[in-house]
Amino acid sequence: MNTRNRKRLLAASAAGAVLAGTMALPSPAMAEDGDGADVQVTVDIEEIREPGVLALSIAGNSVALSEDGSTLLVRQFVGTLPTVTVTDTRTADEVPAGAAWAVLGSATNFVGTAGQAPISADHLGWKPHLIDGGGTGLVTEGEEVVTVLDEPTQPGNNVGLTDQELLVSTYDSEAVAGDSYSVNADLYLRTPAEVAAGQYTSTLTLSLFE
């Protein structure tokens with residue numbers, strides 16, 4: 001082999017060595033199966049806060065009057081109004097500015113179950129009694145309302161329970177919010193002595209206003 005051919009062979013062998021060396025470079029590192037990282041996700045969810053309410057409840061839906069204290073001229077039938085409770089679960093900032101609430105009552109005529117002539121509602125009176133007025137002194141019971149057969153205890157109050165008479169009230173709803181208050185009342189029906197015998201029924205409606 002001549003010198004020129006020998007040089008060509010050596011050059012080709014060197015190129016092959018360089019190529020073989022290039023192919024032998026290691027591959028990039030690959031992640032092993034299952035390798036990774038976690039991201040924790042949190043959230044604070046507040047409890048839904050329902051607004052407070054002003055509500056009326058009555059401890060019973062009926063009262064039976066019984067005769068007591070009658071005279072030769074007037075028959076009287078008495079009973080006690082079931083306890084009435086006003087509950088205010090509102091916070092002070094939920095109460096409208098300048099608000100006041102009151103419970104008012106009115107009765108229908110007493111209707112005889114056997115066709116007797118009705119007894120008008122102005123024969124039914126009441127005397128409210130505050131059971132629990134809280135500690136503010138801002139919740140008070142209404143004045144006594146006497147019947148049409150009575151002498152007025154104050155001007156214009158011998159009208160009976162004919163038209164939304166006051167049972168209990170406050171002039172400052174904000175100051176008494178967040179508490180409950182209860183009241184009842186003495187009820188009395190006064191009729192002429194000659195009233196027809198038999199059973200009579202009236203509906204006394206209590207309403208809470210603010």
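The notes below deal with the structure included here.

Cut-offs applied
Residues numbered from 1 in each chain as written. Predicted model: local features only at pLDDT ≥ 70, side-chain atom pairs only at ≥ 80, totals over all residues. Heavy atoms only, no water. Helix = DSSP H or I, 4+ residues; strand = E, 2+ residues; numbered from the N terminus. Buried < 20%, exposed > 50% of the residue type's maximum accessible area, 1.4 Å probe, protein only. Contact = heavy atoms within 4.5 Å. Areas by Shrake-Rupley, 256 points an atom, 1.4 Å probe, with all protein chains shown as cover. Core = buried A, V, L, I, M, F, W, Y, C linked by side-chain atoms within 4.5 Å. Salt bridge = Lys/Arg side-chain N within 4 Å of Asp/Glu carboxyl O. Phe/Tyr/Trp six-rings, centres within 6.5 Å; stacked < 30°, edge-to-face > 60°. Pairing = 2+ DSSP bridges. Axes fitted to C-alpha atoms, helices over the stretch in contact; angles between N-to-C directions. Polar contact = N/O pair within 3.5 Å; in protein donor to acceptor, adjacent residues only side chain to side chain.

Another point: the overall build of the protein. Scanning the protein from terminus to terminus reveals 2 helices and 11 strands. For the protein, the succession of helices and strands along the chain, N to C, is α-β-β-β-β-β-β-β-β-α-β-β-β. Counting only residues that meet the buried cut, the protein has 30% of its 210 residues in that class. Within the protein, counting contacts between residues at least 6 apart in sequence, those at least 24 apart form 79% of the total. Accessible surface, the protein as shown: approximately 13,800 Å² in total, 53% of it carbon and sulfur.

Our focus in this paragraph is the nonpolar core. In this structure, Leu 81, Trp 101, Trp 126, Leu 167 and Leu 206 are the most contacted members of the largest nonpolar core, which totals 27 residues. Going through the elements one at a time, β3 (74-88), β4 (101-107), β6 (124-132), β8 (165-170) and β9 (179-192) are the ones with two or more residues in this core. Broken down by element, the residue count for this core peaks at 5 residues, all from β9.

Tracing the sequence through the fold places Asp 88 in strand β3. Judged by relative accessible area, Asp 88 falls into the buried class, the value being 1%. Along the chain, Asp 88 and Leu 56 lie 32 residues apart, while their C-alpha atoms are 8.9 Å from each other.

Evaluation of the coordinates by the stated rule reveals 5 salt bridges. A salt bridge links Arg 75 to Glu 67; the shortest N-O distance between them is 2.8 Å. Glu 67 sits in the partly exposed class, given a relative accessible area of 40%. Each member of the salt-bridge network shares a partner with another, and the members are Asp 88, Arg 90 and Glu 210.

As enumerated under the stated definition, the model contains 1 aromatic pair in all. Look at Trp 101 and Tyr 181: their rings are 6.1 Å apart centre to centre, the planes differ by 40°, and that puts the pair in the tilted class. Of this pair, Trp 101 sits in strand β4 while Tyr 181 sits in strand β9, and the two are 80 residues apart along the sequence. Just as Trp 101 is buried, Tyr 181 falls in that class too.

You will see that Gln 164, though not glycine, has its phi angle at about 45°, which is positive. Assignment of secondary structure puts Gln 164 in the loop between β7 (139-141) and β8. With a relative accessible area of 39%, Gln 164 lands in the partly exposed category.

A few words on the sheet that holds β8. The sheet built from 4 strands is open, its strands ordered β7-β8-β4-β11 with antiparallel pairing. Taken across any chain shown, the strands that pair with only one partner, and hence form the sheet edges, are β7 and β11 (204-209). Neighbour-to-neighbour, the strand axes of the sheet open up by a mean angle of 15°, direction not taken into account.

Structurally, Thr 147 can be placed in the loop between β7 and β8. The exposure class assigned to Thr 147 is buried, which follows from its relative accessible area of 0%. A distance of 2.9 Å separates polar atoms of two side chains, one belonging to Thr 147 and the other to Asp 150.

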